[in-house]
Amino acid sequence: MSDDKNRVYIFDTTMRDGEQSPGASMSLEEKTQISRVFDEMGIDIIEAGFPIASPGDFEAVKAISKILKNSIPAGLSRHSKKDIDACYEALKEAPRFRIHTFISTSPLHMKHKLNKSPEQVYESIKEHVTYARKFTDDVEWSCEDGTRTDMDYMCKTVELAINSGARTINIPDTVGYTVPSEFTKIISTLKNRVPNIDKAILSVHCHNDLGLAVANSLAGVSAGARQVECTINGIGERAGNASLEEIVMAIKTRNDLMPYKTGINTTLLSKASKVVSNATFPVQFNKAIVGKNAFAHEAGIHQDGMLKNRNTYEIMTPESVGVKQTSLVMGKHSGRHAFKEKLNDLGYANVTDDVIQTAFGKFKILADKKKHVYDDDIAALVDDSLIKDKNVINLKSLKVFAGTGEPQRADMTLDVYGDIKKTSETGDGPVDAIFKCIKKLYPHEVKLQLYQVHAVTEGTDAQATVSVRISEKGKTTVGQAADTDTLVASANAYLNALNKMIIKRKKTAPEEYEQEKMKGI
Ligand code: KIV
Ligand code: ZN
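A quick note: this is a predicted structure, and the numbers were derived from the prediction, not measured. (Residues numbered from 1 in each chain as written. Chains lettered and ligands numbered in written order. Predicted model: local features only at pLDDT ≥ 70, side-chain atom pairs only at ≥ 80, totals over all residues. Heavy atoms only, no water.)

### Overview of the overall build of the protein
Check the secondary structure of the protein and you find 17 helices and 16 strands. By the compact-globule yardstick of 24 Å for 521 residues, the protein fits well, its C-alpha radius of gyration being 25 Å. If you line up the protein on its principal axes, its C-alpha atoms span 75 × 65 × 45 Å. Of all 521 residues assigned to the protein, the portion counted as buried reaches 54%. Within the protein, contacts between residues at least 6 apart in sequence are counted, and of these 66% link residues at least 24 apart. For the protein, the accessible surface area stands at approximately 23,700 Å², while carbon and sulfur atoms represent 51% of it. The centroid of the 69 positive side-chain charges in the protein is displaced by 1 Å from the centroid of its 69 negative side-chain charges. (Helix = DSSP H or I, 4+ residues; strand = E, 2+ residues; numbered from the N terminus. Rg over C-alpha atoms; globule rule 2.2 N^0.38 Å. Buried < 20%, exposed > 50% of the residue type's maximum accessible area, 1.4 Å probe, protein only. Contact = heavy atoms within 4.5 Å. Areas by Shrake-Rupley, 256 points an atom, 1.4 Å probe, with all protein chains shown as cover. Lys, Arg positive; Asp, Glu negative; His and termini not counted. Charge placed at Lys NZ, Arg CZ, Asp CG, Glu CD.)

And the structure:
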């Protein structure tokens, strides 16, 4: 840890709290790919998961712990020795690691969620922080629902957690209820009233239910907190967590008012956002820092000002967050070697030869169809190939008959667990006909929650990225796919969501999954 009193540590929880958002579950490969980007970007602590929650979470924390070169991996545990043991088992191969243990301290949570008295919670802090310290010096303690906790009680529990060995004390605004002035007061009170507070780093963890997560986090830092817990793209439970990119860029851009330092290489923010959105869901266009429109100037008066002096309407440069002007990259004569180099530049250094081969084949087809092939087109092709690599149901062919008058019809061939199956369906529009074909070839009961189409680049020959969100028995998955043919992208996006749902079923009900496989559906 640094001696610089203005150094703010960035604790990322995209793969733990972020993954708790509906539709954001990530595969092991996605998590390792994300971790490599985070590690390179300079995130101080990466909360890789909640090891006791599932075997998948445990394996992910274990795998991430082994690959990090700079960041410290952390695992979450409740106040339970089993949870803490699981954290240790998952993290132990890392040279340094953190155990993050938490319990609720608000009257509401203690009574209705834990069914424990304040005295019992107090005793539990001593027992479990002390137990976690057996495994590592780096123990973080959180008082869940901190912002609805009685202040005198919070001061007592924080003092005890530090005396029991916690070196980071995290104050969560679990339900996104606080406002900046109130949160400033909470952090200042802890700083002023807890006698041993200088032995720990104070941390803030804010949720965005009232849209105040970033403002509250920054208020916490200004009042003395030196760790911020946040997620890329602000993903997280309900309305999400404080957005990492917004916090880091606010500190950097308004350093005159917030003279703090983070260790983040901000030019990797855009890449981090993409790698997370590819694994979870698309980012809204007007999202600060990483949205597609964040650096776009539409009004003529703004464009005129920008041409005269960029500072007129630009408070930070797109380059400072890693946004490059969309560049013309390659044409149909570009070879495999140049393509591989381009993938390295775009941050796909670790993809397998098979994926490169598939993406290169698609690039050649695209370059024949489309006048200009841009960086974003190439990224969409690789992402699409990465997705298909893991699918057990794949689109083999699709023909769609659409237009006025006739009912729209789709003829489809699918590869379902290695069996080639064909069908034809009509529907209310071509997309409806396509989704009906999939349902006939692979019978399933899911609810379509969202269907969204975006153009990857400009022009009528642009590739379309389609996002589909489906739900089944309370579980949600999101699928994405890109193609110059919007209908092919629609079929592939739905199949991608369905393939992810199959993986989810396999994780949560492996027996049902095996029976289903044997039935051949
Ligand atoms: O929001 C919250 O309270 C949490 C804790 C587990 C830190 O995520
Ligand atoms: Zn949280």
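### Section: the pattern of salt bridges
In the structure shown here, the tally under the stated rule is 25 salt bridges. The closest approach of N and O atoms between Arg 16 and Glu 47, which form a salt bridge, is 2.9 Å. Taken together, the residues Arg 16 in the loop between β1 (9–12) and α1 (28–41) and Glu 47 in strand β2 (residues 45–49) connect sequence positions 31 residues apart. Just as Arg 16 is buried, Glu 47 falls in that class too. A salt bridge links Asp 145 to Arg 148, with the nearest nitrogen and oxygen atoms 3.0 Å apart. (Salt bridge = Lys/Arg side-chain N within 4 Å of Asp/Glu carboxyl O.)

### Some details on the pairing of strand β13 (residues 419–427)
When strand β12 (residues 408–416) meets β13, the two strands line up antiparallel, connected through nine bridges. Counted as the bridge partner of Thr 413 is Lys 422 from β13. Counting the residues between successive antiparallel strands, the hairpin from β12 to β13 contains two residues, one of them, Tyr 417, with a positive phi of roughly 50°. (Pairing = 2+ DSSP bridges.)

### Considering the site of ligand 1
Around ligand 1 lies a shell formed by Arg 16, Asp 17, His 100, Phe 102, Ser 142, Glu 144, Asn 170, Pro 172, Thr 174, His 205 and His 207. With respect to ligand 1, the side chain of Thr 174 contributes an N or O atom lying 2.6 Å from an oxygen atom. A total of 260 Å² of accessible area belongs to ligand 1 in isolation, and the protein chains cover 95% of it. Taken together, the residues that form the shell around ligand 1 break down as two nonpolar, six polar and three charged. (Near = heavy atom within 4 Å. Polar contact = N/O pair within 3.5 Å; in protein donor to acceptor, adjacent residues only side chain to side chain. Nonpolar A, V, L, I, M, F, W, Y, C, P; charged D, E, K, R; others polar.)

### Some remarks on the sheet that holds β13
For sheets, the rule is that strands pair by backbone hydrogen bonds, running either parallel or antiparallel. Taken in spatial order, the three strands make up an open sheet running β11-β12-β13, and their pairing is antiparallel. The sheet is open, and its two edges are formed by β11 (393–401) and β13, each paired on a single side. Adjacent strand axes in the sheet meet at a mean angle of 15°, parallel and antiparallel pairs treated alike. Against the sheet, helix α15 (residues 430–441) contacts β11, β12 and β13, and its axis sits at roughly 140° relative to β13. (Axes fitted to C-alpha atoms, helices over the stretch in contact; angles between N-to-C directions.)

### Regarding the coordination of the zinc ion (ligand 2)
Here the zinc ion (ligand 2) is held by the protein donor atoms Asp 17 (OD), His 205 (NE2) and His 207 (NE2), which lie 2.0 to 2.1 Å from it. Each donor residue of the zinc ion (ligand 2) belongs to the same chain, with the gaps between them written as D-x187-H-x1-H. In this pair, Asp 17 is assigned in the loop between β1 and α1 and His 205 in strand β7 (residues 201–206), connecting sequence segments 188 residues apart. Each of the two residues, Asp 17 as well as His 205, counts as buried. (Donors = N, O, S within 2.8 Å, 3.2 Å for Na, K, Ca; no water.)

### Some remarks on the state of the cysteines
Taken as a whole and judged by the stated rule, the model has zero disulfides. Lacking any disulfide linkage, Cys 206 is separated from the closest cysteine sulfur, that of Cys 230, by 10.0 Å. Here Cys 206 falls in the buried class, since its relative accessible area comes to 0%. (Disulfide = S-S within 2.5 Å.)

### Thoughts on the side chain of Thr 231
Mapped onto the fold, Thr 231 is located in the loop between β8 (227–230) and α9 (244–253). A polar contact is formed between the side chain of Thr 231 and the backbone oxygen of Ile 235, at a distance of 2.7 Å. Discounting residues that sit within four places of it in the chain, Thr 231 has contacts with Asp 12, Thr 13, Thr 14, Gly 18, Asn 241, Ala 242, Ser 243, Leu 244 and Glu 245.

### Let's talk about the packing of helix α12 (residues 336–345) against helix α13 (residues 353–369)
Running from N to C, α12 and α13 point in directions that differ by 115°, and their axes come no closer than 11 Å. Between α12 and α13, the crossing angle belongs to the class labelled roughly perpendicular. Read as a crossing pair, α12 and α13 show a hand that is right-handed. The segment α12 lies against α13, with Arg 336, Phe 339, Lys 340 and Leu 343 engaging Asp 353, Ile 356, Gln 357, Ala 359, Phe 360 and Phe 363. Tallied by class, residues from the contact of α12 with α13 come to six nonpolar, one polar and three charged. (Parallel < 35°, antiparallel > 145°, perpendicular 65-115°, else oblique. Left-handed = near helix turned anticlockwise from the far one by under 90°.)

### Focus on a nonpolar patch on the surface
On the surface, Leu 448, Tyr 451 and Val 453 cluster together into a nonpolar patch covering about 240 Å² of accessible area. Mapped onto the fold, Val 453 is located in strand β14 (residues 447–455). (Patch = residues over 30% accessible without salt bridge, like charges linked within 9 Å, V, L, I, M, F, W, Y side chains within 5 Å.)

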